[in-house]
Amino acid sequence: MTDKELLLKAVEAREFAYTPYSNHKVGAALLGKSGKIYLGCNVENAAYTPTNCAERTAVFKAVSEGEREFSAIAVVGGLGDTLSELCAPCGVCRQVLNEFCDGSLKVILGTPEKITVTTLAELLPYSFGKTDLKKQ
Ligand code: THU
């Protein structure tokens, strides 16, 4: 699976974004270590706060189906039919990814024409995670 192939899966996932309030449509494709890909889109809500981001939709789908280890996630987003040059995961999604992935998780962003590859460590430096809760 190339970076571009995973990003194209995120573009597919974005088709289902439910965004009557923001029209900002996001798609995510999460690659499990099993090789399975979990797609997610954002799902908005009239009460706003129950809105779920695309990345979290993908993570929760995967975890609820028994997969907890991941090697990469691709995320695309933008208003309406247009893709932004870069749509990076929000802080909450970074923290949710940090629960199941280490800093080496590959994060593939951008558009099929201009791909940016980064890592969770770069997106979430000095992170707080489950190892911080263990007795020293
Ligand atoms: N959104 C995502 O799906 N992922 C992010 O990481 C940032 C924001 C969604 C939530 C909401 O539906 C819309 O984009 C505008 O914030």
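To start, this report covers the structure provided alongside it. This structure is a prediction, so every number in the text was calculated from the model and none was measured.

**Comments concerning the site of the ligand**
Taken together, the neighbourhood of the ligand is formed by S22, H24, V26, N42, E44, T51, C53, A54, E55, A88, P89 and C90. At a separation of 2.5 Å, an oxygen atom of the ligand approaches a polar side-chain atom of E44. Summarising the interface, the protein chains cover 78% of the accessible area of the ligand, which totals 380 Å² for the free molecule. For the shell around the ligand, the elements supplying multiple residues, two or more each, are β1 (24-32) and α2 (54-64). The class makeup of the residues in the shell around the ligand is six nonpolar, four polar and two charged.

**Quick word on the nonpolar core**
Core analysis: the largest hydrophobic core is formed by 21 residues, its most contacted members being L30, I73 and L105. Counting only elements with at least two residues in this core, the list comes to β1, α2, β3 (70-79), α3 (91-100), β4 (106-110) and α4 (120-123). The element that contributes the greatest number of residues to this core is α2, accounting for four residues. Excluding residues that lie within four positions of it along the chain, I73 makes contacts with L6, A28, A29, L30, E55, L97, L105, K106, V107 and I108. In terms of nonpolar packing, the next biggest core, distinct from the first, is built from nine residues, L6, L31, A74 and I108 among them.

**Things to note about the sheet that holds β4**
For sheets, the rule is that strands pair by backbone hydrogen bonds, running either parallel or antiparallel. Taken in spatial order, the five strands make up an open sheet running β2-β1-β3-β4-β5, and their pairing is mixed. The open sheet has two edge strands, β2 (37-41) and β5 (115-119), and neither has a second partner. Pairs of neighbouring strands in the sheet enclose a mean axial angle of 20°, with direction left out of account. With four bridges joining them, β3 and β4 adopt parallel strand pairing. When the bridges of β4 are listed, V75 appears paired with L109. Each of β1, β2, β3, β4 and β5 touches helix α1 (residues 3-14); the most contacted strand, β3, lies at about 50° to it. Together, β1, β2 and β3 form the strand contacts of α2, whose direction differs from that of β2 by roughly 140°.

**Some thoughts on the pairing of β3**
A large share of β3 lies buried, amounting to eight of its 10 residues. Bridging between β1 and β3 involves nine bridges; their strand directions are antiparallel. Bridge assignment links K25 to a residue of β3, and that residue is G78. With α3 bridging β3 and its parallel neighbour β4, the resulting β-α-β unit is right-handed.

Conventions used here
Per chain, residue numbering runs from 1 following the sequence as it is written. Predicted model: local features are reported for residues with pLDDT of at least 70 only, side-chain atom pairs are reported and counted for 80 or more only, and whole-chain, interface and lining totals are derived from all residues. Each side-chain value is worked out from all heavy atoms of the structure, with water and hydrogens disregarded. Any residue with at least one heavy atom within 4 Å of a molecule or strand is counted as near it. Any pair of nitrogen or oxygen atoms within 3.5 Å is treated as a polar contact; in protein, a donor-acceptor pairing is required on top of that, and neighbouring residues in sequence qualify only through side-chain atoms on both sides. Surface accessibility in these figures is a Shrake-Rupley result with a 1.4 Å probe; residues are shielded only by whichever protein chains are displayed. Helix and strand definitions follow DSSP, with helices as H or I runs of at least four residues and strands as E runs of at least two, each counted in order from the N terminus. The nonpolar class holds Ala, Val, Leu, Ile, Met, Phe, Trp, Tyr, Cys and Pro. Asp, Glu, Lys and Arg form the charged class, and all remaining residues, Gly among them, are polar. The criterion is simple. A nonpolar core is a set of buried Ala, Val, Leu, Ile, Met, Phe, Trp, Tyr and Cys residues joined through side-chain atoms within 4.5 Å. Think of it in three bands: residues with accessible area under 20% of the maximum for their type are buried, residues over 50% are exposed, and the middle band is partly exposed, with areas taken using a 1.4 Å probe on protein chains only. Residue contacts are defined here by distance: any two heavy atoms, one from each residue, within 4.5 Å place the two residues in contact. Strands pair, by our definition, only if DSSP identifies at least two bridges between them. The convention used is that axes are lines fitted to C-alpha atoms, helices contributing only their stretch in contact, and that angles between N-to-C directions extend from 0 to 180 degrees. The handedness rule is simple: strands pointing away from the viewer, and a clockwise path from the first strand over the helix to the second, make the crossover right-handed.

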